[in-house]
Amino acid sequence: MAAVIGTISIYYTNSLVGELKKREKTFIDLYAKTIEMVANQDNGDIPFLFQEIIVPNNNIPVILTDNMGNYLNHRNIDIDESYSEEKKARIIEEELEEMREAYPPIEIVLKNSQTGMVDSFQWVYYKNSFLLAQLQYYPYIQLSVIAGFALLAYMIFSYSRTAEQNRVWIGLAKETAHQLGTPLSSLMAWLEYFRAEPEVYDPDIVKELDKDIDRLQMITARFSSIGSVPALKEENLVQAIASTVSYLQNRISTKVSMRLDTDNEGILVMINKPLFDWVIENICKNAVDAMGGIGSITISITQQKNDKVAIDITDTGKGIPKSRISQVFTPGYTTKQRGWGLGLSLAQRIVEHYHKGKIFVKHSEPEVGTTFRILLNTVPQVSGRKVKIAAHIPA
Ligand SMILES: Nc1ncnc2c1ncn2[C@@H]1O[C@H](COP(=O)(O)OP(=O)(O)OP(=O)(O)O)[C@@H](O)[C@H]1O
Ligand SMILES: [Mg+2]
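All chains use their own residue numbering, which begins from 1 and follows the written sequence. Chains carry letters and ligands carry numbers; both start at the beginning, A for chains and 1 for ligands, and go up in the order they are written. Whole-chain, interface and lining totals are the exception, using all residues; otherwise, since this is a predicted model, local features are given only for residues with pLDDT of at least 70 and side-chain atom pairs are given and counted only at 80 or more. To get the side-chain values, take all heavy atoms of the structure and skip hydrogens and water.

As a further point, take the overall build of the protein chain. Across its full length, the protein chain holds eight helices and 11 strands. Put simply, the radius of gyration uses C-alpha atoms, and a globule should come to 2.2 Å times the residue count raised to 0.38. Whereas a compact globule of 395 residues would reach a radius of gyration of roughly 21 Å, the protein chain reaches 41 Å, over 25% beyond that. Taken along the three principal axes of its C-alpha coordinates, the protein chain extends 140 × 45 × 45 Å. Looking at the protein chain residue by residue over its 395 residues, the buried ones come to 34%. Any pair of residues with heavy atoms lying within 4.5 Å of one another is described as a contacting pair. Here the analysis covers contacts within the protein chain between residues at least 6 apart in sequence; of these, 67% occur between residues at least 24 apart. For the protein chain, the exposed surface amounts to about 24600 Å²; the carbon and sulfur share of it is 58%. Within the protein chain, one finds 41 positive and 46 negative side-chain charges whose respective centroids are separated by 9 Å. Counting from the N terminus, the helices are DSSP H or I runs at least four residues long and the strands are E runs at least two residues long. Here's how the labels work: a residue is buried when its accessible area is under 20% of the maximum for its type, exposed when over 50%, partly exposed in between, all with a 1.4 Å probe on protein chains only. Method for areas: the Shrake-Rupley scheme with a 1.4 Å probe, in which residue coverage is limited to the protein chains shown. Positive: Lys, Arg. Negative: Asp, Glu. His and the chain ends are not part of the count. Lysine's charge is taken at NZ, arginine's at CZ, aspartate's at CG and glutamate's at CD.

Written out as structure tokens, the structure is:
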């Protein structure tokens with residue numbers, strides 16, 4: 001719509017400019033003829049012509065020169081009488097130059113009053129009036145103002161939309177954490193009861209209940225972290241990911257092997273562990289789905305230049321078609337029958353919003369596999385400082 005309005009506006013103004021140019025040309029021809037007449041004869045019409053044509057020309061800039069192009073006089077050029085002669089001459093010269101480029105001059109033939117023979121020539125140089133010059137630029141000024149407003153409106157709109165999305169995310173997450181809290185504390189109380197009563201105590205059941213409660217507590221911690229400004233803590237990245245990997249390994253198919261590679265085991269980052277685990281878990285779950293439960297997942301951590309670390313998660317799954325890569329982070333985009341399409345948008349939110357990092361599809365090839373990359377800022381290492389190394393890194 002904007003392009004159509006813009007084109008119409010430019011087209012319309014251009015035709016106006018064309019019309020006005022024609023008029024100015026007609027006028028200037030008449031003006032030159034008048035000068036010629038005034039110079040060549042002196043009859044009673046002259047004062048009239050002067051009054052009606054030459055004097056009212058109060059907007060087209062004109063310079064009259066002699067045969068050799070030397071300045072004779074001018075009209076409608078902004079020259080103050082108080083200017084020095086030098087300055088006046090310079091302005092005239094500049095104007096003349098502009099006029100030479102704008103239009104060919106109009107010839108005035110001066111005849112000898114007695115013999116009627118051609119005596120000499122003069123030239124009328126002119127350029128567009130100020131009004132015409134302004135009118136030519138008008139649509140562009142108008143369009144840039146409209147574009148500026150459109151951009152501003154778009155920015156306000158997009159800002160308010162993001163703010164609304166944030167409120168929904170945060171509100172839902174807080175509410176979920178809150179609602180999970182009640183049954184969770186009740187379950188914990190029941191567990192204590194089981195432990196305390198010898199008649200009902202069964203170590204296997206209690207162990208399993210314990211695990212489930214841990215899991216529920218972790219879920220609550222995730223939701224309550226995403227529902228508030230999560231606290232970031234300095235962690236050893238390799239260690240943090242190693243623990244997530246060993247946790248996941250016990251929960252996924254045995255036909256999926258997981259490997260963790262790193263060139264540096266002492267990379268420090270500021271993360272919120274429950275949320276960051278969630279990111280790794282979501283990406284690995286997607287990888288398992290993409291491989292149909294058989295294949296391998298490789299996580300490689302590499303220190304980058306300028307205080308960044310890259311975490312590449314590569315699977316041997318079915319890949320993402322090129323045309324879909326830009327959509328995978330959109331909330332609601334899913335190709336799975338039972339998917340919500342929220343896993344990656346949540347991961348993106350956690351990485352980019354809370355950790356000021358980046359997450360993107362680094363590479364994907366159908367039937368070969370996909371690599372997701374996460375970039376995080378590292379904590380600058382103080383020399384001589386000892387970094388705890390992961391006790392066990394699954395190979
Ligand atoms: N490793 C991958 N290989 C191939 N396709 C993937 C991979 N990861 C994500 N995708 C594609 O991106 C889509 C969106 O992923 P996302 O995790 O956001 O949602 P989901 O897994 O479909 O559902 P949810 O995670 O909410 O249960 C997936 O449905 C899948 O088509
Ligand atoms: Mg998913």
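Expected span, for any helix, means 1.5 Å times one less than how many residues it has. Along its 13 residues, helix α6 (residues 237–249) runs 18 Å from first to last C-alpha, staying within 8% of the 18 Å computed at 1.5 Å per residue. Listed in full, the buried residues belonging to α6 are L237, V238, A240, I241, A242, T244, V245 and L248. For α6, the N-terminal cap is N236; the gap from its side-chain oxygen to the backbone nitrogen of V238 is 3.0 Å. Polar contact criterion, stated in full: a pair of N or O atoms within 3.5 Å, where within protein one must be able to donate a hydrogen and the other to accept it, and residues adjacent in sequence count only if both atoms are side-chain atoms.

Let's shift gears to the sheet that holds strand β4 (residues 118–126). Here we have four strands laid out as an open sheet, ordered β2-β1-β4-β3, and antiparallel in their pairing. Each of the sheet's edge strands pairs with one partner strand only, and the pair in question is β2 (71–75) and β3 (106–111). Going across the sheet, the axis of each strand differs from the next one's by a mean of 25°, ignoring polarity. Packing of helix α1 (residues 2–40) onto the sheet brings it into contact with β1 (62–66), β2, β3 and β4, and relative to β3 it is tilted by some 15°. Axis lines are fitted through C-alpha atoms, for helices just across the contact stretch, and the angle between N-to-C directions can take any value from 0 to 180 degrees. Against the sheet, helix α3 (residues 85–102) contacts β1, β2 and β4, and its axis sits at roughly 95° relative to β1. By this definition, two strands are paired if DSSP reports at least two bridges between them.

Moving on to the pattern of salt bridges. We define a salt bridge as a contact between a side-chain nitrogen of Lys or Arg and a carboxyl oxygen of Asp or Glu at a distance within 4 Å. The tally for this structure, following the rule as stated, stands at 19 salt bridges. We note a salt bridge from D210 to R195, for which the minimum N-O separation is 2.6 Å. With D210 in helix α5 (residues 203–226) and R195 in helix α4 (residues 130–196), the pair connects residues that are 15 residues apart, well separated along the chain. Through salt bridges that share partners, R215, R222, E281 and K285 make up one connected network.

Between α5 and helix α7 (residues 273–290), whose axes approach to 9 Å, the crossing angle comes to 105°. The orientation of α5 relative to α7 falls into the category roughly perpendicular. Note on element contacts: α7 touches α5 through P274, L275, D277, W278 and E281, opposite R215, M218, A221, R222, F223, S225 and I226. Just so you know the grouping, Ala, Val, Leu, Ile, Met, Phe, Trp, Tyr, Cys and Pro go in nonpolar, Asp, Glu, Lys and Arg go in charged, and all remaining residues, Gly too, go in polar. Its residues placed into classes, the contact of α5 with α7 shows seven nonpolar, one polar and four charged. These descriptions rest on fixed angle ranges, namely under 35 degrees for roughly parallel, over 145 for roughly antiparallel, 65 to 115 for roughly perpendicular, and the rest for oblique.

Throughout this document, a residue counts as near a molecule or strand when at least one of its heavy atoms sits within 4 Å of that molecule or strand. Neighbouring ligand 1 are 18 residues; N286, D315, T334, T335 and K336 lie closest to it. A distance of 3.0 Å is found between an oxygen atom of ligand 1 and a backbone nitrogen or oxygen belonging to G341. Within the backbone of G343, an N or O atom sits 3.2 Å from an oxygen atom of ligand 1. Considered on its own, ligand 1 offers 600 Å² of accessible surface; in the complex 90% of this is hidden by protein. Of all the secondary structure elements, the ones that give two or more residues to the shell around ligand 1 are α7, α8 (343–354) and β11 (369–377). For the shell around ligand 1, a count of residues per class yields eight nonpolar, eight polar and two charged.

Before going further, it helps to examine unusual backbone geometry. Look at N76: it is not a glycine, yet its phi comes out positive at around 55°. Inspection of the secondary structure assignment puts N76 in the loop between β2 and α3.

By the secondary structure assignment, N128 is in the loop between β4 and α4. A distance of 2.6 Å separates polar atoms of two side chains, one belonging to N128 and the other to Y103. Beyond its immediate chain neighbours, meaning those up to four positions away, N128 contacts K21, E24, P61, Y103, A133 and Q136.

Interfaces are often sized by the accessible area lost when the parts come together. Each domain's limits were defined by an automated method or a database of domain assignments. When cut into domains, the protein chain gives domain 1 (2–128), domain 2 (156–219) and domain 3 (232–377). Summarising the inter-unit geometry, the C-alpha centres of domain 2 and domain 3 are found 24 Å apart. Across the contact, five residues belong to domain 2 and six residues belong to domain 3. For the pair domain 2 and domain 3, the two sides together bury roughly 590 Å², of which 54% comes from carbon and sulfur. Our count for the contact surface shared by domain 2 and domain 3 stands at one salt bridge. Residues E281 and R215 are paired through a salt bridge, measuring 3.7 Å at the closest nitrogen-oxygen approach. Those elements giving two or more residues to the side of domain 2 that touches domain 3 turn out to be α4 and α5. No other element matches the three residues that α4 contributes to the side of domain 2 that touches domain 3. Throughout, the accessible surface (probe 1.4 Å) given up by two parts as they are put together, summed over both, is called the buried area.

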